[in-house]
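Here's the letter readout for the chains.
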Amino acid sequence: MAEVAAARRSRITPEREAELYTAVLDLLREVGYDALTMDAVAARTRSSKATLYRQWGGKAQLVVKALRHNKPVKNLDEVDTGSLRGDFHALLARADDAEIEQNGALMRGLATAIHANPDLHSEFRSQIIEPEIADSRRVLQRAVDRGEIRADCPALEFVVHMMLGAFVTCAIVDDRPPTAAFLTSYIDAVVLPALGVPTE
C-alpha cells in the first residue's frame, strides 16, 4: 500500500511541484486563505482535484508546503560565516526587497486564518514555526560555542519573537513593508545588542 502511494506521489516532477506551489501562493495573495479552494487551485494549475488531494491531503497542507518551498533559505546550516552578525546579514542577503514584501504580505494575510483554522494552525506550527525555531537555535548555539553569546543570555529565547515581530509589525507601525535595509538595521540595533554581540 505504501509503495502504491509513493508511486502515485512520484508522478509529479519537482518542476511541476514548483509550478503548483507558485500558483497556490499567487492565489493566496489574490483571494486570501479562506476564499482559496482546491477547485481554484486545480483550475489555475490544470490539475485534477483528486491529484491535489492525493498528493497533499488538503488545503492546509498544500498552502504550508507552498510556503516552505518559497523560503529563500531552505537550510540555515548552509549559512556559516564565522560570526552571528555575518550569519544574520548573509541570511537577509538571500532575499531582495520585493520578496521580503511579498512574504510579509502573505504572513499578514495568513495571521487571521491561522487562528481561525485549527488544521492550518497545526500544519503551520509543525512545518514552519518549529523548524524555524530549531534552525535558529542551531545558529545561536554556534555563536555560543564561539563565545559570542553567553550560554545563559536571557534574550536567546526571544530571538525568533524579535525577528517575527520586526517582520510583521513594520507595515503596521511605519505603514510600509519591511526592507532588507530596515531588517539589517533592526538586527544591529536591537537583536545583537540584546544578545550582547558587538555590531562592529
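Residues numbered from 1 in each chain as written. Predicted model: local features only at pLDDT ≥ 70, side-chain atom pairs only at ≥ 80, totals over all residues. Heavy atoms only, no water.

A.B. asks: How should I be thinking about the overall build of the protein chain in this particular structure?
C.D. replies: Across its full length, the protein chain carries 10 helices and 0 strands. Overall, the protein chain shows an N-to-C arrangement of helices and strands of α-α-α-α-α-α-α-α-α-α. When burial is assessed residue by residue, the protein chain has 37% of its 200 residues classed as buried. Here the analysis covers contacts within the protein chain between residues at least 6 apart in sequence; of these, 66% occur between residues at least 24 apart. (Helix = DSSP H or I, 4+ residues; strand = E, 2+ residues; numbered from the N terminus. Buried < 20%, exposed > 50% of the residue type's maximum accessible area, 1.4 Å probe, protein only. Contact = heavy atoms within 4.5 Å.)

A.B. asks: What is the right way to look at the packing of aromatic side chains in this model?
C.D. replies: In this description, a pair of aromatic rings is defined by centroid distance and the angle of the planes. For the structure on display, the rule yields 2 aromatic pairs. A centroid spacing of 5.8 Å and a plane angle of 65° characterise the contact between Tyr21 and Trp56, whose relative ring orientation is edge-to-face. In this pair, Tyr21 sits in helix α2 (residues 14-31) while Trp56 sits in helix α4 (residues 49-56), placing the two residues 35 residues apart along the sequence. For the pair formed by Tyr21 and Trp56, the shared burial category is buried. Ring centres of Phe182 and Tyr186 lie 6.3 Å apart, and the angle between their planes is 25°; this geometry places the pair in the stacked category. Remark: Tyr186 and Phe182 occur in helix α10 (residues 180-195); sequence separation between them is 4 residues, near one turn of the helix. The partly exposed category is assigned to Phe182, whose relative accessible area is 22%. For Lys59, the ring lying beneath its charged end belongs to Tyr33, and the centroid distance is 4.2 Å. (Phe/Tyr/Trp six-rings, centres within 6.5 Å; stacked < 30°, edge-to-face > 60°. Lys NZ or Arg CZ within 6 Å of the ring centre and 35° of its normal.)

A.B. asks: I keep staring at the layout of surface pockets and nothing clicks. Help me out?
C.D. replies: To find the voids left in a structure, one rolls a probe of water-molecule size over its atoms. When its volume is computed, the largest pocket comes out at roughly 1600 Å³. For the largest pocket, the lining is made up of 40 residues, of which Glu132, Val160, Met163, Leu164 and Phe167 are closest to its centre. Elements represented by at least two residues in the lining of the largest pocket include exactly α6 (84-92), α7 (97-116), α8 (118-145), α9 (159-174) and α10. At 11 residues, α8 tops the list of elements feeding residues into the lining of the largest pocket. When grouped by side-chain class, the residues that make up the lining of the largest pocket number 29 nonpolar, 6 polar and 5 charged. (1 Å grid on protein atoms, 1.4 Å probe; cavity = no way out; pocket = protein on both sides within 12 Å on 5 of 7 lines; lining within 4 Å. Points joined across faces, edges and corners; volume = space filled by probe spheres on them. Nonpolar A, V, L, I, M, F, W, Y, C, P; charged D, E, K, R; others polar.)

A.B. asks: Would you explain the confidence of the model for the protein chain in this entry?
C.D. replies: Summarising the model, the protein chain shows a mean pLDDT of 87, and 92% of its residues fall at 70 or more. Within the protein chain, the lowest mean pLDDT, 42, falls on helix α1 (residues 2-9), and the highest, 94, falls on α10. Every residue in residues 1-10 is under pLDDT 50, and counting partners more than four places away or in other chains gives 3 contacts. (pLDDT = per-residue confidence, 0-100.)

A.B. asks: I would appreciate a short explanation of helix α5 (residues 59-69) in the present structure.
C.D. replies: For the α-helix, the turn length of 3.6 residues means that residues three or four positions removed from each other point alike. If you check which residues of α5 are buried, you get Ala60, Leu62, Val63, Val64, Ala66 and Leu67. The inward-facing, buried residues of α5 contact α2, α3 (38-45), α4, α7 and α8.

A.B. asks: In this structure, what is going on with α2? I would like to understand it.
C.D. replies: The terminal C-alpha atoms of α2, which comprises 18 residues, lie 26 Å apart, in line with the 26 Å expected from a rise of 1.5 Å per residue. Those residues of α2 that are buried are in contact with α3, α4, α5 and α7. (Expected span 1.5 Å × (residues − 1).)

A.B. asks: It is not clear to me how the packing of α7 against α9 should be interpreted in this structure. Could you clarify?
C.D. replies: Geometrically, a packed helix pair is captured by the angle between its two axes and the distance between the axes. In contact at an axis separation of 10 Å, α7 and α9 are set at 85° when each is read in the N-to-C sense. Here α9 runs roughly perpendicular to α7, going by the angle between their axes. Mapping the contact onto sequence places Ile100, Asn103, Gly104, Met107 and Arg108 in α7 and Phe167, Val168 and Ala171 in α9. Looking at side-chain class alone, the contact of α7 with α9 contains 5 nonpolar, 2 polar and 1 charged residues. (Axes fitted to C-alpha atoms, helices over the stretch in contact; angles between N-to-C directions. Parallel < 35°, antiparallel > 145°, perpendicular 65-115°, else oblique.)

A.B. asks: Teacher, can you tell me more about the environment of Asp152 here?
C.D. replies: Its location among the elements puts Asp152 in the loop between α8 and α9. Through-space distance from the C-alpha of Asp152 to that of Asp96 is 34 Å; in sequence the pair is 56 residues apart. Within the structure, the side chain of Asp152 is placed 2.8 Å from the side chain of Arg150, a separation counted as a polar contact. (Polar contact = N/O pair within 3.5 Å; in protein donor to acceptor, adjacent residues only side chain to side chain.)

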